[in-house]
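Letter by letter, the chains look like this.
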Amino acid sequence: MDRRTFNQKFSQGLVGFAFLETFIGQDLFAQKISPITNQWARELNTICQDLKTQEISQALWQQRVESLLQRISLTDLMKSIDFERVIRTMKYPDLGVTAKMVRFPRLSGVPARTVFAKKIFGMQKGRAIIPHGHQNMASAHLILRGDFDVKHYDKISENAQEMIIKPTILKVGKAGDATSISDEKDNVHWYQALTDKAYTFDVIVFNLNPQQGKSYDISNIDPDEGKNIGNGMIQVPKLTVAQGLKKYGKSHH
Ligand SMILES: [Fe+2]
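Residues numbered from 1 in each chain as written. Predicted model: local features only at pLDDT ≥ 70, side-chain atom pairs only at ≥ 80, totals over all residues. Heavy atoms only, no water.

Draft legend 1. How the structure looks around a nonpolar patch on the surface. Together, Phe 206, Tyr 216 and Ile 218 give the surface a local cluster of nonpolar side chains, amounting to about 240 Å² of exposed area. Overall, Tyr 216 belongs to the partly exposed group, its relative accessible area being 33%. (Patch = residues over 30% accessible without salt bridge, like charges linked within 9 Å, V, L, I, M, F, W, Y side chains within 5 Å. Areas by Shrake-Rupley, 256 points an atom, 1.4 Å probe, with all protein chains shown as cover. Salt bridge = Lys/Arg side-chain N within 4 Å of Asp/Glu carboxyl O. Buried < 20%, exposed > 50% of the residue type's maximum accessible area, 1.4 Å probe, protein only.)

Draft legend 2. Local environment of the nonpolar core. Counting 36 residues, the largest nonpolar core has Trp 40, Leu 44, Trp 61, Phe 104 and Phe 201 as its most contacted members. At the level of elements, α2 (35-52), α3 (58-69), α4 (74-80), α5 (83-88), β4 (137-145) and β9 (198-206) are the ones that each hand at least two residues to this core. The biggest single contributor to this core is α2, with 6 residues. Apart from the residues within four sequence positions on either side, Phe 104 is in contact with Trp 40, Ala 41, Leu 44, Leu 77, Ser 80, Ile 81, Phe 116, Lys 118 and Phe 201. Counting residues in each nonpolar core, the second largest holds 12 residues, with Ala 128, Tyr 153, Met 163 and Val 236 among its members. (Core = buried A, V, L, I, M, F, W, Y, C linked by side-chain atoms within 4.5 Å. Helix = DSSP H or I, 4+ residues; strand = E, 2+ residues; numbered from the N terminus. Contact = heavy atoms within 4.5 Å.)

Draft legend 3. Main features of the coordination of the iron ion. Within the protein, the iron ion binds to His 132 (NE2), His 134 (NE2) and His 189 (NE2); these donor distances fall in the range 2.0 to 2.1 Å. The sequence pattern formed by the donor residues of the iron ion is H-x1-H-x54-H. Placement of His 132 in strand β3 (residues 128-135) and of His 189 in strand β8 (residues 188-193) is noted, with a sequence separation of 57 residues between them. Judged by relative accessible area, His 132 falls into the buried class, the value being 8%. (Donors = N, O, S within 2.8 Å, 3.2 Å for Na, K, Ca; no water.)

Draft legend 4. Inspection of the pairing of β4 at higher detail. Where burial is concerned, most of β4 is hidden: 8 out of the 9 residues are buried. Bridge analysis of β4 against strand β7 (residues 178-181) gives 4 bridges, and the strand direction is antiparallel. Across the sheet, residue His 141 finds its bridge partner in β7, namely Thr 179. (Pairing = 2+ DSSP bridges.)

Draft legend 5. Broad picture of the packing of aromatic side chains. Tallying each qualifying case throughout the model produces 5 aromatic pairs. On the numbers, 6.3 Å between centres and 75 degrees between planes, the contact of Trp 40 with Phe 104 is edge-to-face. Within this pair, whereas Trp 40 is found in helix α2, its partner Phe 104 is found in the loop between β1 (98-101) and β2 (117-123), the two being separated by 64 residues in sequence. Considered together, Trp 40 and Phe 104 belong to a single accessibility category, that of buried residues. Relative to Tyr 199, the ring of Tyr 92 lies with its centre 6.3 Å away and its plane at 70 degrees, an arrangement referred to as edge-to-face. Of the two residues, Tyr 92 is situated in the loop between α5 and β1 and Tyr 199 in strand β9; the sequence distance between them amounts to 107 residues. (Phe/Tyr/Trp six-rings, centres within 6.5 Å; stacked < 30°, edge-to-face > 60°.)

Draft legend 6. The side chain of Thr 200, seen in detail. Of note, Thr 200 is situated in strand β9. Of note is the side chain of Thr 200, whose polar atom sits 2.8 Å from the side chain of Asp 202. Setting aside residues up to four positions removed in sequence, Thr 200 forms contacts with Lys 119, Ile 120, Phe 121, His 141, Leu 142, Ile 143, Leu 144, Phe 148 and Tyr 191. (Polar contact = N/O pair within 3.5 Å; in protein donor to acceptor, adjacent residues only side chain to side chain.)

Draft legend 7. Seen up close, the environment of Val 110. Within the secondary structure, Val 110 is located in the loop between β1 and β2. Taking C-alpha positions, Val 110 is 7.1 Å from Ala 41, a pair spaced 69 residues apart along the chain. Other than its neighbours up to four places away in sequence, Val 110 contacts Asn 38, Ala 41, Arg 42 and Asn 45.

Given below as structure tokens:
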């Protein structure tokens with residue numbers, strides 16, 4: 001066999017394999033989704049659409065999405081996002097975390113392109129989703145596996161250099177626990193893995209207010225350098241991604 005024929009056969013083989021895998025995978029995959037999971041995904045889609053069209057407030061979305069996330073069986077959800085297969089392809093960085101977009105299988109009553117994105121975050125022990133706040137975005141995180149040090153803060157105000165925050169959630173989160181963020185409530189989040197490995201499932205809705213101009217923004221902050229300024233408020237410096245990862249990406253004790 002000459003090289004050209006070999007390459008042809010080789011690439012055909014690869015394509016054939018990938019196609020077969022996708023086909024079989026999706027077929028079996030679809031059968032695993034229970035009517036309860038399908039109904040749950042429909043409800044999730046509805047509340048995310050209601051958030052996007054401003055039918056419900058961001059704080060109400062947070063309440064609803066947290067209770068939805070805490071209601072689903074983790075086994076069913078993990079099956080529906082093909083969790084085990086997705087995490088087999090993850091490469092865990094020494095500082096910080098890795099994330100992969102996931103999809104639901106084709107579900108009745110849920111559009112193929114939803115208004116929300118879905119991601120699995122994975123990390124090794126001691127690594128963190130470093131402390132940061134968002135603008136013009138809402139997201140919710142459900143712990144799928146492992147324990148986390150979970151911290152949230154309300155964002156009171158910010159300028160280019162600093163943010164004023166107020167602690168709202170400080171707990172050890174376990175599989176099945178969910179928290180969320182929005183511009184209205186618990187905006188700053190910080191998840192540190194206490195066990196090896198640890199994973200969250202995230203539901204993200206971008207660009208909630210198209211009039212805001214800047215569609216989306218993230219600010220990393222430095223809570224360890226915070227100054228108490230009264231009424232439970234803390235003034236903290238902002239950090240670049242590199243600074244944030246260096247200081248908070250991995251636990252140093
Ligand atoms: Fe975030």
